[in-house]
Amino acid sequence: MNIFVLMKRTFDTEEKISISGGKINEDGAEFIINPYDEYAIEEAIQVRDAQGGEVTVITVGSEEAEKQLRTALAMGADKAVLINTEDDLEYSDQFTTAKILAEYLKDKDADLIIGGNVAIDGGSGQVGPRVAELLNIPYVTTITNLEINGSTVTVVRDVEGDSEVIETSLPLLVTAQQGLNEPRYPSLPGIMKAKKKPLDELELDDLDLEEDDVEAKTKTIEIYLPAQKQAGKVLEGELADQVKELVSLLHNEAKVV
Amino acid sequence: MNFELTKEQQMVKDMVKEFAEKEVAPKAVHVDKTGEFPVQTFEKMGQLGLLGIPFPEKYGGSGGDTISYAIAVEEIGKACGSTGLSYAAAVSLGASPIYYFGTEEQKQHFLVPLASGKGLGAFGLTEPNAGSDAGGTRTKAVLEGDEYVINGEKCFITNAEYAKTITVTAVTGKDERGKNIISAILVPTDTAGLTINSNYEKLGVRGSNTSEIILENVRVPKENLLGDPTGGFKQFLYTLDGGRISIAALSVGIAQAALEKAINYAKERTQFGQPIAKFQAIQFKLADMAMEIELARNMVYKAAWLKDNGKPFTKESAYAKLFASEAGFRACNQAVQIHGGYGYMREYEVERYLRDIKLMEIGEGTSEIQRLVIARQLV
């Protein structure tokens, strides 16, 4: 089984994030594998261990992503591919990433492609489905279970808390939802072996892509932090008066009733 | 000169940090309160290859370096001092001497299970009348036919109750000057005549197992003699040099935990109308703590680097252990002070750091012994 994982390096949203000059400040940020992609990596390794084959982890990004790729290799992936767009692209969006990934994958005879359901930074959840569309293969998003029997695949999909069971076939692209599995820690021998595993670095040229082919379809107008939460208001006085005041505030100030 | 960790070292740090936060830290209060040895944690650490970091793959290890190992000890120790101590002792004192001095056969038989995490090792050096003064060793091993017969008593042995193998030091004869020859002998813990008691009531590192060992006519094959039959003394000096790096790393971990707790508390605690972190008296304490911890960490890395590069590290590992344990004690003490009355209460955990870190100034050679070791390298 030829398995590919789409992985994104992202900042850790549990750490403090600051913005300067309209951009997220990368100096103080911690960078991690997008947590949903960790489920994807784990699932790919489990499928490979059960069915045989090979797991290749791909990312589109900069040199910096090598650390996250190595971590995926340390978890147990066999190969990693970094498509480095640092020198070619100043701005990219989901279209750009999907186009590059699809171009890379089109002649790879992938049986199964797994991505995260969303990246915790942008949160668009578009790259996976777009890649499947470009490759003209079926896809199922936000999956919580995956069973492969020959060429029949049974998938459980999370639908806002309910489950939908879908039967489909390979080749297939799925995106992982929380609950799909419990990602393993990279073991120490795994970390040491990771440095000997192949990590290929490609650029747009290697994929016969021009900058125009992948030019972003969207523009980012502004990046800003959520508004600081205002201090709450504590009402005082007789209970009946408080209720009156509350209703009046909800009506006039908050304008919700 | 390069102060950056390698990618592998950084990955080890990230992995162990995450593991320690999720699996070790949540049990730290329970482990301290009950004195229960965290067996399951060690099983998980074994599966992840943490117990074999500095040993090659052919001996069941992970093929990492001493720096990676020191990083792992720091992160585990930051989460739980007890777990950190047992971890450091299992690798540096339990498994390492077999790796340094064992024959190929001994390594396959005794080191592989320890390095691959299927068991813990222990080092039986200290006796009621001997520790750093190895000359006082009373335990005797007499060769009878193909077996050594060992009699004696060991005390304060970390991990012994949970160990598969204990490396026991014993007097095996006298040299031409009439001085005791000390050898190291590998004793499987299921050997008849070996009794292990764990009745100590300790101030800190309470979840780390500490045992007394009584050896009564314990018979092991003569092949279990470790390394040079007359060089036991030199061997354990070298073993202790390595062990000091891990105790230093553990001190840094505990002190770092205390610093982080102190910073958070100082930012939250309001007195006289502002967070106490705004007071210079508190800021100066935090500045000293952070500075000393970073200096100690640098010394740990340097000693580990020297060891990894095959250079002498006796003096540097003693520097690291002495400075890290004393600076760490100061940091933990100040963390309690910054917390005031709350710091004296168990709920805030900083008092545990203070109790745990006190051992670092005592175990594997007291601060006074470290100064002796350093001075001997100078004059």
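Think of each chain on its own: its residues are numbered from 1, step by step along the sequence as written. Lettering for chains starts from A, numbering for ligands starts from 1, and both go in the order in which the items are written. Two thresholds apply to this predicted model, a pLDDT of at least 70 for residue-level local features and 80 or more for giving and counting side-chain atom pairs, whereas whole-chain, interface and lining totals are computed over all residues. Only heavy atoms go into the side-chain values, all of them from the structure, while hydrogens and water stay out.

## As for helix 8 (residues 280–308) of chain B
Formally: Strands are runs of DSSP state E lasting at least 2 residues, helices are runs of H or I lasting at least 4, and numbering of each runs from the N terminus. An expected span of 1.5 Å times one less than the residue number is assigned to each helix.
Along its 29 residues, helix 8 of chain B runs 42 Å from first to last C-alpha, staying within 8% of the 42 Å computed at 1.5 Å per residue. Just past helix 8 of chain B, the residue Gly310 of chain B takes up positive phi, approximately 70 degrees.

## Some thoughts on the pattern of salt bridges
Residue and element names in this part refer to chain A. As a reminder, the rule being used: The term salt bridge refers to a pairing of a side-chain nitrogen on Lys or Arg with a carboxyl oxygen on Asp or Glu at a separation within 4 Å. The buried label goes to any residue with under 20% of its type's maximum accessible area, the exposed label to any with over 50%, and the partly exposed label to all in between, with areas taken from a 1.4 Å probe on protein chains only.
If you walk through the whole model with that rule in mind, you get 32 salt bridges over all chains. A salt bridge links Glu54 to Lys79, with the shortest nitrogen-to-oxygen separation between them at 3.3 Å. Within this pair, whereas Glu54 is found in strand 6 (residues 54–61), its partner Lys79 is found in strand 7 (residues 79–84), the two being separated by 25 residues in sequence. A salt bridge links Arg70 to Glu66; its shortest N-O distance comes to 3.3 Å. Note that Arg70 and Glu66 are positioned in helix 2 (residues 66–75) at a spacing of four residues, about one turn of the helix. Relative accessible area serves as the criterion here: at 18%, Glu66 is assigned to the buried category. Via salt bridges that share partners, Arg48, Asp49 and Asp78 belong to a single interconnected network.

## Considerations on the UniProt feature "domain: Electron transfer flavoprotein alpha/beta-subunit N-terminal" (unreviewed entry) in chain A
Note the threshold: UniProt positions are given in the numbering used here, feature names are shortened, and annotations may be inferred rather than shown by experiment.
Per the UniProt entry, the sites bearing "domain: Electron transfer flavoprotein alpha/beta-subunit N-terminal" (unreviewed entry) are residues 21–211 of chain A in this numbering. The straight-line gap between the two end C-alpha atoms of residues 21–211 of chain A is 25 Å; of that span, 29% is helix and 31% is strand.

## Looking at the sheet that holds strand 7 of chain A
Residues and elements named next belong to chain A. Basically, it comes down to this: Strand pairing is assigned whenever DSSP detects at least two bridges linking the two strands. To obtain an axis, a line is fitted to C-alpha atoms, over the contacting stretch when the element is a helix, and the angle between two such axes runs from 0 to 180 degrees between their N-to-C directions. Any pair of residues with heavy atoms lying within 4.5 Å of one another is described as a contacting pair.
Read across the sheet, nine strands follow the order 11-10-9-12-8-1-6-7-13 without closing on themselves; strand pairing throughout is mixed. Strands at the two margins of the open sheet, each flanked by one partner only, are strand 11 (162–169) and strand 13 (199–202). Neighbour-to-neighbour, the strand axes of this sheet turn through a mean angle of 30 degrees, independent of strand direction. Relative to strand 10 (residues 152–159), strand 9 (residues 139–149) runs antiparallel, the two sharing six bridges. If you follow Ile143 over to strand 10, its bridge partner there is Arg157. Across the sheet, helix 1 (residues 35–51) is in contact with strand 1 (2–6), strand 6, strand 8 (112–116), strand 9 and strand 12 (172–176); its angle to strand 8 comes to roughly 155 degrees. Packing of helix 2 onto the sheet brings it into contact with strand 6, strand 7 and strand 13, and relative to strand 7 it is tilted by some 165 degrees.

## Section: the pairing of strand 8 of chain A
Residue and element names in this part refer to chain A. Counting buried positions along strand 8 yields five of five residues, so the element is predominantly enclosed. Taking every second residue as pointing to the same face, both faces of strand 8 are buried, with Leu112, Ile114 and Gly116 on one and Ile113 and Gly115 on the other. Across four bridges, the pairing between strand 1 and strand 8 is parallel. Counterpart to Leu6 in the pairing with strand 8 is Gly115. Here strand 8 runs beside strand 12; their pairing, made up of five bridges, is parallel. Bridge pairing in strand 12 places Ile114 opposite Val174.

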